[in-house]
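# Structural description and commentary
As a plain string of letters, each chain reads:
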There are 2 protein chains.
Amino acid sequence: MSEHDAGFKAALEEAKKGASEGGVPIGACLVDKHGKILGRGHNMRVQNSSATLHAEISALETAGRLPASAYEGATMYTTLSPCDMCTGACILYKVSRVVMGENNTFVGGDAYLKQRGVEVVNLKNAECEKLMRDFIEQHPEDWYEDIGEPGKKH
Amino acid sequence: MSEHDAGFKAALEEAKKGASEGGVPIGACLVDKHGKILGRGHNMRVQNSSATLHAEISALETAGRLPASAYEGATMYTTLSPCDMCTGACILYKVSRVVMGENNTFVGGDAYLKQRGVEVVNLKNAECEKLMRDFIEQHPEDWYEDIGEPGKKH
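Since this is a predicted model, take the numbers as computed values, not measurements.

A separate point is helix α6 (residues 126-138) of chain A. Residues and elements named next belong to chain A. Over its 13 residues, α6 runs 18 Å from end to end, which matches the ideal 18 Å to within 8%, given 1.5 Å per residue. When we look at burial in α6, the residues that qualify are C128, E129, L131, M132, F135 and I136. One side of α6 holds all its buried residues, which, seen down the axis, span an arc of 160°. For α6, the exposed residues set more than 90 degrees away from the buried face come down to A126, K130, E137 and Q138. Among the structural elements, α1 (6-20) and α7 (140-146) are those in contact with the buried residues of α6. Here α6 starts with a cap whose side-chain oxygen sits 2.9 Å from the backbone nitrogen of E127, and that cap is N125.

Below is the structure:
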């Protein structure tokens, strides 16, 4: 698992697309065990006034209805450590691996994913982290709303 | 918390609406600490070919963008024990209580919700259970897809 994976590149592209739209700059991409991209997407809180279309949920939604077997051995690439909802979504569909860009700006369900048998890889990618730091600096209210936290400043 | 709560009645109405549409018959309703319904919805896997619009996600999505404070003291009514994704969504937004219709046909994140500090109430409602038993009997493939399980028969 590396920054050169097509899945990670797609997730980062999605995050940048989100940033260019003025949204929360988090992207995700679901890749099956054969390396085929099943779905990709980015956080749509700002763009669609959505409380649930986080990046990973968007990727799963874009992938559409699939039998359980389609997720066997699959990897969810995401530019940021997944929140509790997205962690739960990966567990529900028994995704085998979660590869995150970073978890310095937010730590979600990393430990719980491991506890539930999901492999977790942190690429510690500086570009992902900068996207988040810039967004949190400029739009703290959108960010804290997205993670269900009171409007604290950092 | 009882079957007479407006939130539970709305969740059950949603489940029946889902059933009448040929969908997975699970409904949910998010109610704030003052008793106001913030959002309601039902599972849309069959109707929208959606992998993520479970009942609780639909209710949160219908409620729309809200600050963290809006969920304080809120109750998520759902006709069935919430799956890992919906469990995570309730934890993300720090919903105070999850009231489920039943958990005889499926046990989701009941224990994890409690572990994360969410109050859990099971109404053991026969109507909710019958809706699920009938659906699983008639459409096992849709049901097992919805919970990410291989297509076993029960």
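Having put the structure on the table, let's press on.
The relation between two aromatic rings is expressed through the spacing of the ring centres and the mutual angle of the planes. In this structure the tally under the stated criterion is five aromatic pairs over all chains. Geometrically, the ring pair formed by A:F106 and A:W143 is edge-to-face, given 5.8 Å between the ring centres and 90° between the ring planes. One end of the pair, A:F106, is in the loop between β4 (97-100) and α5 (110-115); the other, A:W143, is in helix α7, and 37 residues separate them in sequence. With respect to class, A:F106 is no different from A:W143; both count as buried. Here B:Y71 and B:Y93 contribute two aromatic rings whose centre-to-centre distance is 4.5 Å and whose plane-to-plane angle is 20°, an arrangement assigned as stacked. Taken as a pair, B:Y71 in the loop between α3 (55-63) and β3 (75-78) and B:Y93 in the loop between α4 (84-92) and β4 (97-100) lie far apart in primary sequence, 22 residues in all. For the pair shown, B:Y71 and B:Y93 are each scored as buried.

Moving on: the side chain of A:D142. Take A:D142: it is sitting in helix α7. A:D142 gets classed as buried once you look at its relative accessible area, which sits at 12%. Not counting chain neighbours up to four residues away, the residues in contact with A:D142 comprise A:R45, A:V46, A:F135 and B:R65.

Quick look at the relation of the copies chain B and chain A now. The operation relating chain B to chain A is a screw motion whose rotation component is 180°, with 0.0 Å of axial translation and a residual RMSD of 0.0 Å. Here the symmetry operator amounts to a two-fold rotation axis. Residue by residue, 100% of the interface of chain B is reproduced at the interface of chain A, so both copies engage with the same surface.

Looking now at the sheet that holds β3(B). Residues and elements named next belong to chain B. Pairing is mixed in the open sheet, where five strands are placed in the order β2-β1-β3-β4-β5. What marks the edges here is a single partner per strand, and that holds for β2 (37-42) and β5 (119-122). Taking the axes of each pair of neighbouring strands and ignoring which way they run, one obtains an average angle of 15° across the sheet. Strand direction decides the pairing type here: β4 and β5, joined by four bridges, are parallel. In the strand pairing of β5, R97 is matched with E119. Helix α1 (residues 6-20) rests against β1 (27-31), β2 and β3 of the sheet, and its axis sits at about 150° to β1.

Basis of the calculations
Residues numbered from 1 in each chain as written. Chains lettered and ligands numbered in written order. Predicted model: local features only at pLDDT ≥ 70, side-chain atom pairs only at ≥ 80, totals over all residues. Heavy atoms only, no water. Helix = DSSP H or I, 4+ residues; strand = E, 2+ residues; numbered from the N terminus. Expected span 1.5 Å × (residues − 1). Buried < 20%, exposed > 50% of the residue type's maximum accessible area, 1.4 Å probe, protein only. Arc of directions from axis to C-beta. Contact = heavy atoms within 4.5 Å. Polar contact = N/O pair within 3.5 Å; in protein donor to acceptor, adjacent residues only side chain to side chain. Phe/Tyr/Trp six-rings, centres within 6.5 Å; stacked < 30°, edge-to-face > 60°. Least-squares fit on C-alpha atoms with pLDDT ≥ 70 in both. Pairing = 2+ DSSP bridges. Axes fitted to C-alpha atoms, helices over the stretch in contact; angles between N-to-C directions.

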